[in-house]
Amino acid sequence: MHTKLLLLPILASLQLLPGAANGATVDPSCPPATCGNLTITYPFWLGSQDQSSCGPPSFRLTCNDRASGPFLRNSYIKVLGFDYGRRSLVAVHALLAADAACTVMFNVSSAFAITDRFSISQSNRELYVLSRCRERLPPPDAVPVTNCRANSSGMYAYLGGSYGTGQTPVNNGGCELSVFLVLGSSNDADMTAANYRQLIAGGFLLEWEPVGDCNACTASGGRCRYDASTSAFACLCADGGMRPSICGELSMQK
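Only a predicted model underlies this, so the values are computations on that prediction, with no experimental measurement involved. Note on numbering: residues in each chain are counted from 1, in written sequence order. Where totals are concerned, whole chains, interfaces and linings use all residues; where local detail is concerned, this predicted model gives features only for residues with pLDDT of at least 70, and gives and counts side-chain atom pairs only at 80 or more. No hydrogens and no water enter the side-chain calculation; it runs on all heavy atoms of the structure.

J.: Account for the overall build of the protein, with residues named and values stated.
T.: Put simply, DSSP marks the helices as runs of H or I at least four residues long and the strands as runs of E at least two long, and each gets a number from the N terminus on. Helix and strand counts for the protein come out as 4 helices and 17 strands. A total of 254 residues make up the protein; the buried ones form 46% of that total. Whether two residues touch is decided by their heavy atoms; if any such pair falls within 4.5 Å, the residues are in contact. For the protein, restricting intrachain contacts to residue pairs at least 6 apart in sequence, the fraction spanning at least 24 positions comes to 61%. Carbon and sulfur atoms make up 49% of the accessible area of the protein, which amounts to about 11,900 Å² in all. Throughout this description, buried means an accessible area under 20% of the type-specific maximum (1.4 Å probe, protein chains only), exposed means over 50%, and partly exposed covers the range between. Accessible areas in this description were obtained via Shrake-Rupley with a 1.4 Å probe; residue shielding takes into account the shown protein chains only.

J.: Give a description of the nonpolar core that names residues and reports values.
T.: One broad trend across soluble globular proteins is that nonpolar side chains are buried collectively. Take the buried residues of types Ala, Val, Leu, Ile, Met, Phe, Trp, Tyr and Cys, join any two whose side-chain atoms come within 4.5 Å, and each joined set is a nonpolar core. Judged by nonpolar contacts, the single largest core of 23 residues is most densely connected at Ile40, Phe44, Leu61, Leu72, Val79, Phe82 and Leu89. The set of elements that each furnish at least two residues to this core consists of β2 (33–35), β3 (38–40), β4 (45–46), β7 (77–83), β8 (88–93) and β14 (204–208). Filtering out sequence-adjacent residues up to four positions away, Ile40 remains in contact with Pro32, Ala33, Cys35, Trp45, Leu46, Leu61, Pro70, Phe82 and Tyr84. With 16 residues, the next largest nonpolar core counts Cys102, Val182, Ala193 and Leu199 among its residues.

J.: Provide a residue-level description of the sheet that holds strand β17 (residues 242–243), including the pertinent values.
T.: Two pairing modes exist for strands in a sheet, parallel and antiparallel, and in both the strands are linked by backbone hydrogen bonds. Two strands are counted as paired when DSSP detects at least two bridges linking them. Read across the sheet, 3 strands follow the order β15-β16-β17 without closing on themselves; strand pairing throughout is antiparallel. Both edges of this open sheet fall to β15 (223–227) and β17, since each of them pairs with a single strand only. Note that strand β16 (residues 232–236) and β17 share 2 bridges and pair antiparallel. For Cys235, the partnering residue across the bridge sits in β17 and is Arg243.

J.: Give me the lowdown on the state of the cysteines, citing residues and values where you can.
T.: Note on terminology: disulfide denotes any pair of cysteine sulfur atoms within 2.5 Å. Evaluation of the coordinates by the stated rule reveals 5 disulfides. In this model Cys30 forms its disulfide with Cys54; the gap between the sulfur atoms is 1.9 Å. Measuring handedness by torsion sign, the sulfur bridge of Cys30 and Cys54 sits at about -80° and is left-handed. With Cys30 in the loop between α1 (9–12) and β2 and Cys54 in the loop between β4 and β5 (60–64), the pair connects residues that are 24 residues apart, well separated along the chain. Each sulfur of the disulfide joining Cys35 and Cys63 lies 2.1 Å from the other.

J.: Give a description of the side chain of Ser88 that names residues and reports values.
T.: Residue position: Ser88 is located in strand β8. Those residues in contact with Ser88 that lie beyond four places of it in its chain are Gly81, Phe82, Asp83, Leu205, Leu206, Glu207 and Trp208.

J.: Describe the pairing of strand β13 (residues 176–182), listing the residues and the values that go with them.
T.: Counting buried positions along β13 gives 7 out of 7 residues, so the element sits mostly inside the fold. Of the two faces of β13, the one holding Glu176, Ser178, Phe180 and Val182 and the one holding Leu177, Val179 and Leu181 are both buried throughout. Pairing geometry for strand β10 (residues 125–131) and β13, over 7 bridges, is antiparallel. Across the sheet, Tyr128 pairs through a bridge with Val179, a residue of β13.

J.: Go over unusual backbone geometry, please, and point to the residues and values.
T.: With an omega of 10°, the peptide bond between Tyr42 and Pro43 qualifies as cis. Here Pro43 lies in the loop between β3 and β4. A positive phi is found at Ser231, a non-glycine position, where the angle reads about 55°. Looking at the secondary structure, you find Ser231 in the loop between β15 and β16. Overall, the relative accessible area of 52% leaves Ser231 in the exposed class.

Structural data, given as C-alpha cells:
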C-alpha cells in the first residue's frame, strides 16, 4: 500500500505562522486592508503595502481580485477566513479546490514542513482517496470518485476520523492512498464521503501560536509591528520608538 499525503504540500509553503491579535488600531502606515470579503490585520499584511514592518514575512498575503481572496505569499494557498481571536484560519489549495479529488492524478508532492509555532487543528477530518486499485474492490463505506478529467475508474473516497487518529480505510484492492484534510462539521449529514468535492473545496483549519502580545501593545497606546533587525514582535509607540512589548518600556530604537 502506498500513501501520498497530498494535503500537506500546502503546509510546506506556510512555513512560520507566529503571532496573533484581535486586530490593531487604525494605522496610517499599516492600516487594516481588505481582499475579497476578508479584513486583513496584524500579523497578516498585503505585499502591496510594501512595508516589511507590518508583519512577519511569512504572513505576507497577495490579493488576487479574480480569485476573490488573499493567497499566502505567492503560493496557491488561498485563505477562506480568519479567526484572529482564536489564532486560526481556514485555507485551501486552489488547485485542489478546482479539481477536488481528481487532483490525486497529478501526483502532488508529499513534502511538507510544520514549525513548532504552527499546527494542524485536531478538529479537521481525514478524507482518503483510493486510486489505481488493482483488484477494483471498493473498501467498505467508500464511494466512487467520478467526473474527473482523467480516468477515474477504480477511484474511491473514504471519510476517516479526526486528524492524526490513523483510521485508514480497509484496503483489500491494493489501492494507492492519498489523504486530504477537511473541516469537521457540526452537521453530520454533510460529513459523508459522498460530499468529497464539497469537503475538499471547503478547506481545512490551521492554527498558530502567538509571538508577542499585540493586545497588550495596543492597550498601551502602541501599534503592533515586526522588527526585521531582531526577527521579533515589536510595539511601535507614539514617540516613534520600537519597544519589545508595550509602550513605556525602554525603546529598542528611535
